[in-house]
Amino acid sequence: MPGANRRDMQEKQLLKHTADNEQRPLRGRSNHAGNLSQSEKKLQEAICVLLVELCERFTFFGIVCNMILFCTVKLGYRNYQAAIVNMCFVGTSMLTPVLVGWLAECLVGRIKLVCICMFLHFLGTALLPVVAFPFEDIYIDRRHILQTLTKREQKIVFYFALLTASLGIGGIRAIVCPLSAYNLEDCGPKELLSFFNWFYWLINLNSAVVFVSISYIQQSVARNLGFLIPFVSVLMAMITIHMVRGEMIYKPKTDSSLLTTFGVIASALKTCCVRYRYFSGGVTNWLDHAKENYGGQYSETQVESTKSLARLFPLFAFQILYRTCIMQIPSGYYLQTMNSNLHFSGFVLPVAAMNVISIVPLLILVPILECINSCLFSSEDTGHSPTVYIVVGQLSAALSVMVAGFSEIHRKHFPQVQQTLSEEVLLVSSMPCFHLAPQYILLGVAEALVTPSCSLLSFWLVPERMRGISMHFLTLFNGAGCFMGAFFVQTAHAGTQGSWFPHLLHEGKLERFFFFLASLMMVNTLGFWTIAHKYVYNNLIQEYTNEFRGSLPEEKLLKHEKAIKHYDSVLESSPILSPMEKT
């Protein structure tokens, strides 16, 4: 019996051991399946966010692409007025994400605000066709055409539609598809640079499709029905959001906010004014006045995070004039193209289709730059700082505007011919529009170099908790560049009595406006080149360390050693990926 019992015990242990061995791989498979489903879910969310982004950009470019032609031909605006309206709409669409982000953070719930913004976007794009009534392309019998709106009513509806559409754009960009929704927190500089390159590559590919297709529909085939296409695209975005519901709405971390950043700046300024006689002593940075140690209201971490963001303000400021140059594509360059010969082999090209020439360099350069960066970062040699790309890109933008001035002189040497655009007969230069291609190409090269590099610096050179706010500030300065472009156009027209931005280009001096803008851009490029060294790895980490240590009493250095290491980790440079220089 003892032997039998012993055998039974051995058999039970053997069966138990065998069962455990069988269950272990099953658990592994279960965990693997769970991880796989979670990764699939993240991939699905990323794809949905990207689809919404593309749909929103589709509607945005559909509104912008022929706005000048619509304003001049349909609403009877002067050239400078149409250019101002276009640039103000683009600028407003850049600023509203910041406003909506603040509303979602402080006043209104994110889900509720998304519904409101989607309704506003829907309303704006639905009202745009109302401005284009009657639909001549639908009603063959002209006696039964619907009653048209008066010019005043058209303008009121048009401006209201643009305002509501821009507010809707802000909600979609700020809540549904912010950059934070792409889970970039754990990415290094190499991955970030690659992400921004391909992100803007996709957006520009989308815009190329819009500029070719929608612009042709709006201008030639069914110019009034063209405004229905943004409406259809909004429906696509709404369906995409409905498919994923709350899974798509990104919920940011609440450890930092735009209000806190502005509060730190306001508190520091207030303390500086109250204690002006202590301004030059006791602190190494004026923002230190906002710290609780110096009579302010904010913690050490909040102030130091704001200081890291404030170091990027010069970078942001030098993007204002660059953005003004980029805004010449839908304004000054568009007017030049509209007043050139658009006929090509018996086919009338859409005016906005020339924008594709500025997109092609970006579509070509991004894969090339990706290959070059991979080779540089995989070797032991240090890669170039993004500031090098920014300087070269800004120089290319300055050359583009200068070439536009010479092209305008060249264009006026050709005799004038009649050309029909949207059933309106216009006197234009007989110069083929392809003669304007060099200025578009140079500006496209500038965008390929500047925008991804500037986004990378704005995202990488601040602590993780400040990255969303840093991108908000970059957007604010880009929007300011659009409004500065509108200000330049208004000032140039008023100051020169319409000569520098004329309604009839062959009677004015538009080239002088381009030469003036090119000279400003050259000065802007030189100014940024003088401060570019501040955004190189060694210089920036030394500035972080010295200033942070100088702002603290000796007895607190040990306490804040962890914070110093945090900034070291933020600016850590990897030999395979860093766009920061190491010397």
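Note that this is a predicted model, so its numbers are computed, not measured.

Here is what the cut-offs are and how they apply
- Residues numbered from 1 in each chain as written.
- Predicted model: local features only at pLDDT ≥ 70, side-chain atom pairs only at ≥ 80, totals over all residues.
- Heavy atoms only, no water.
- Helix = DSSP H or I, 4+ residues; strand = E, 2+ residues; numbered from the N terminus.
- Buried < 20%, exposed > 50% of the residue type's maximum accessible area, 1.4 Å probe, protein only.
- Contact = heavy atoms within 4.5 Å.
- Areas by Shrake-Rupley, 256 points an atom, 1.4 Å probe, with all protein chains shown as cover.
- Phe/Tyr/Trp six-rings, centres within 6.5 Å; stacked < 30°, edge-to-face > 60°.
- Lys NZ or Arg CZ within 6 Å of the ring centre and 35° of its normal.
- Core = buried A, V, L, I, M, F, W, Y, C linked by side-chain atoms within 4.5 Å.
- Domains from an automatic or database assignment.
- Patch = residues over 30% accessible without salt bridge, like charges linked within 9 Å, V, L, I, M, F, W, Y side chains within 5 Å.
- Salt bridge = Lys/Arg side-chain N within 4 Å of Asp/Glu carboxyl O.
- Axes fitted to C-alpha atoms, helices over the stretch in contact; angles between N-to-C directions.
- Parallel < 35°, antiparallel > 145°, perpendicular 65-115°, else oblique.
- Left-handed = near helix turned anticlockwise from the far one by under 90°.
- Nonpolar A, V, L, I, M, F, W, Y, C, P; charged D, E, K, R; others polar.
- Disulfide = S-S within 2.5 Å.
- pLDDT = per-residue confidence, 0-100.

1. With respect to the overall build of the protein chain
- In terms of helices and strands, the protein chain carries 18 helices and four strands.
- Counting the 583 residues in the protein chain, one finds 52% classified as buried.
- Once local pairs closer than 6 in sequence are excluded, the contacts in the protein chain between residues at least 24 apart make up 80%.
- Surface accessibility of the protein chain: about 27,000 Å² in total, with carbon and sulfur atoms responsible for 64%.

2. Focus on the packing of aromatic side chains
- Counted under the stated rule, the structure contains 25 aromatic pairs.
- Aromatic pair Phe-313 and Phe-477: ring centres 6.3 Å apart, planes at 40°, arrangement tilted. Taken as a pair, Phe-313 in helix 10 (residues 313-326) and Phe-477 in helix 15 (residues 467-495) lie far apart in primary sequence, 164 residues in all.
- Among the aromatic residues, those joined into a ring-pair cluster are Phe-195, Phe-196, Phe-199, Tyr-200 and Phe-459.
- Positioned above the aromatic ring of Phe-60, the side-chain terminus of Arg-173 is 5.0 Å from the ring centre.

3. As for the nonpolar core
- Of all hydrophobic cores here, the largest spans 113 residues; its most connected members are Phe-158 and Leu-315.
- Of the domains in this structure, domain 1 (39-135 + 149-248) and domain 2 (308-376 + 383-547) are the two that each give at least three residues to this core.
- If near-sequence neighbours (up to four positions away) are discounted, Phe-158 is found in contact with Met-67, Phe-70, Cys-71, Leu-75, Val-85, Leu-128 and Val-131.

4. A few points about the environment of Met-402
- Mapped onto the elements of the fold, Met-402 is located in helix 13 (residues 386-411).
- For Met-402 and Phe-513, which are 111 residues apart along the polypeptide, the C-alpha to C-alpha distance reads 9.8 Å.

5. Thoughts on a nonpolar patch on the surface
- A surface patch of nonpolar side chains, about 400 Å² in accessible area, is lined by Leu-395, Leu-399, Met-402, Phe-406 and Ile-409.
- Along the polypeptide, Leu-395 turns up in helix 13.
- What makes Leu-395 partly exposed here is its relative accessible area of 36%.

6. Section: the pattern of salt bridges
- Using the criterion set out here, one finds six salt bridges in the structure.
- A salt bridge links Glu-447 to Arg-323; its shortest N-O distance comes to 3.8 Å. Taken together, the residues span a long stretch of sequence, with Glu-447 in helix 14 (residues 437-460) and Arg-323 in helix 10 at a distance of 124 residues. Of the two residues, Glu-447 and Arg-323, both sit in the buried class.
- When salt bridges that share partners are traced, they join Glu-56, Arg-57 and Arg-173 into one network.

7. Overview of the environment of Ile-265
- Within the secondary structure layout, Ile-265 lies in helix 8 (residues 258-274).
- Taking the relative accessible area as the measure of exposure, Ile-265 reaches 17% and is therefore buried.
- Remark: the alpha-carbon pair of Ile-265 and Val-303, spanning 38 residues in sequence, is separated by 8.8 Å.
- Here Ile-265 is in contact with Trp-286, Leu-287, Thr-306 and Phe-313, once residues within four sequence places are set aside.

8. Side note on the packing of helix 3 (residues 79-106) against helix 5 (residues 151-176)
- Helix 5 packs onto helix 3 with a crossing angle of 45° between their chain directions and a minimal axis gap of 7 Å. Considering their axes alone, helix 3 and helix 5 lie oblique with respect to each other. The interaxial crossing formed by helix 3 with helix 5 has right-handed handedness. Only Phe-158, Tyr-159, Leu-162, Ser-166, Leu-167, Ile-169, Gly-170, Gly-171, Arg-173, Ala-174 and Ile-175 of helix 5 make contact with helix 3, whose side of the interface consists of Val-85, Phe-89, Thr-92, Ser-93, Thr-96, Pro-97, Val-100, Gly-101 and Ala-104.
- Here the contact of helix 3 with helix 5 is built from residues that sort into 12 nonpolar, seven polar and one charged.

9. Some remarks on the packing of helix 3 against helix 4 (residues 110-131)
- Running from amino to carboxyl end, helix 3 crosses helix 4 at an angle of 145°, the nearest separation of the two axes being 9 Å. Within the contact between the two elements, helix 3 uses Val-100, Leu-103 and Ala-104 and helix 4 uses Arg-110, Leu-113 and Cys-117.
- Of the residues contributing to the contact of helix 3 with helix 4, the split by class is five nonpolar, no polar and one charged.

10. Quick look at the side chain of Asn-86
- The topology assignment puts Asn-86 in helix 3.
- Excluding anything up to four places from it in sequence, Asn-86 contacts Val-64, Met-67, Ile-68 and Pro-330.

11. What about the state of the cysteines?
- Tallied over the entire structure, the rule returns zero disulfides.
- Just so you know, Cys-117 is unpaired, no disulfide at all, and the nearest cysteine sulfur is the one on Cys-115, 9.5 Å from it.

12. Things to note about unusual backbone geometry
- With phi around 55°, Gln-497 is a residue other than glycine that occupies positive phi space.
- Tracing the sequence through the fold places Gln-497 in the loop between helix 15 and helix 16 (510-531).
- Under the relative-accessibility criterion, Gln-497 is labelled exposed at 75%.

13. Here's the deal with the environment of Ser-305
- Along the chain, Ser-305 falls in helix 9 (residues 300-310).
- By relative accessible area, which is 2% here, Ser-305 ends up buried.
- The sequence separation of Ser-305 and Val-462 amounts to 157 residues, and the corresponding C-alpha distance is 7.3 Å.

14. Things to note about the confidence of the model for the protein chain
- When pLDDT is averaged along the protein chain, the result is 75, and 70% of the positions lie at 70 or above.
- Counting contacts from residues 135-145, a segment whose pLDDT is below 50, to residues more than four positions away or on other chains yields 17 contacts.
- Taken together, the stretch residues 547-583 has pLDDT below 50 and engages in 85 contacts with residues farther than four places along the chain or on a different chain.

15. Digging into the side chain of Asn-524
- Of note, Asn-524 is situated in helix 16.
- With residues up to four places along the chain from it excluded, the contact list for Asn-524 reads Phe-318, Leu-321 and Gln-394.

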